[in-house]
Amino acid sequence: MKPWTMMETSQTPTDGGAVSLHRRGKEYSIRIDGQELMNSRRHGSEEELARLACQAVADRADCRVLIGGLGMGYTLAAALKHLDSTGTAVVAELIPAVVRWNQNYIGHLADKPLEDERAAVIQGDVAQTIQKSRQAFDAILLDVDNGPEGLTQKENDRLYQPEGLEEARKALRPGGVLAVWSAAKDSRFSKRLKAAGFQVDVHKVRAHLGKGSRHFIWIAKKK
Ligand SMILES: C[S@@+](CC[C@H](N)C(=O)[O-])C[C@H]1O[C@@H](n2cnc3c(N)ncnc32)[C@H](O)[C@@H]1O
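Residues numbered from 1 in each chain as written. Predicted model: local features only at pLDDT ≥ 70, side-chain atom pairs only at ≥ 80, totals over all residues. Heavy atoms only, no water.

If you check an unreviewed UniProt entry, the protein appears there as Spermine synthase from Desulfatibacillum aliphaticivorans.

In structure tokens form, the structure reads like this:
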């Protein structure tokens, strides 16, 4: 098997951790402090996140979707696929280098979703975009980490805690959905979502093309 080569490194703006882009043949990997955050070989559950969330709201005219975490762009590309020509998707990405890598090296993996005129990118913390938005989005999709518990960046914890969920609820339009990706099951998170005023469905999905690890997606509808 070919060895991995490191293409570029940068730092996370929050704690200065090392974020790096690696390549092995056609396969790419984004890592934080050596821990893999995203791999181009498995993106089925990231696409399911978009399908499940957008299906719930895509019949709305001028549907507005916010995505937390660009990664390799698979969730963004899938959201655009499920939205019509009046829909828009804004993606907030914390690490400037990740946006640059999508523009320069890995955009082809998900068919260059940043070039779609319905897409926009904000460089920054999705928590801040949520906080300053009121009844602005039909869906908010969060795939910023390994899930509500498996955090590579501890600052992301607040997104999944009661205050963060309340902010997300306020940022959603009536009947809008908060969709959350996770590598692990978490019944306490389901309880927090219900307590925050959401109607909750948890979907078990496979990592890729019906195979591989099981991942979890919460579709939480604002009551
Ligand atoms: C697992 S990857 C997302 C994968 C993506 N769903 C895809 O389809 O490729 C997580 C991404 O979220 C970004 N991120 C982490 N915390 C964030 C935050 N608070 N706000 C915005 N982006 C964040 C990371 O830099 C990384 O690009």
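Trainee: When you look at the overall build of the protein in this model, what are you seeing that I'm missing?
Mentor: If you tally the helices and strands in the protein, you get 7 helices and 11 strands. Computed over its C-alpha atoms, the radius of gyration of the protein comes to 16 Å, within 12% of the 17 Å expected for a compact globule of 223 residues. Each principal axis of the C-alpha distribution contributes one length, and for the protein these read about 50 × 35 × 35 Å. Contacts spanning at least 24 positions in sequence make up 67% of the contacts within the protein whose residues lie at least 6 apart. Carbon together with sulfur atoms contributes 47% to the accessible area of the protein, which is approximately 10500 Å² in total. Here the protein holds 33 positive side-chain charges and 28 negative ones, and the gap between their average locations is 5 Å. (Helix = DSSP H or I, 4+ residues; strand = E, 2+ residues; numbered from the N terminus. Rg over C-alpha atoms; globule rule 2.2 N^0.38 Å. Contact = heavy atoms within 4.5 Å. Areas by Shrake-Rupley, 256 points an atom, 1.4 Å probe, with all protein chains shown as cover. Lys, Arg positive; Asp, Glu negative; His and termini not counted. Charge placed at Lys NZ, Arg CZ, Asp CG, Glu CD.)

Trainee: I would appreciate a short explanation of the sheet that holds strand β9 (residues 172–182) in the present structure.
Mentor: Either a parallel or an antiparallel arrangement is found when strands of a sheet pair, and the pairing is made through backbone hydrogen bonds. Here we have 7 strands laid out as an open sheet, ordered β7-β6-β5-β8-β9-β11-β10, and mixed in their pairing. Of all strands in the sheet, those bounded by a partner on one side alone are β7 (119–123) and β10 (198–208). Pairs of neighbouring strands in the sheet enclose a mean axial angle of 20°, with direction left out of account. The pairing of strand β8 (residues 137–142) with β9 spans 5 bridges and is parallel. Along β9, the bridge assignment pairs Phe137 with Leu172. Here helix α1 (residues 44–57) sits on the sheet and contacts β5 (64–68), β8, β9, β10 and β11 (211–222); the angle it forms with β9, its principal contact strand, is near 165°. (Pairing = 2+ DSSP bridges. Axes fitted to C-alpha atoms, helices over the stretch in contact; angles between N-to-C directions.)

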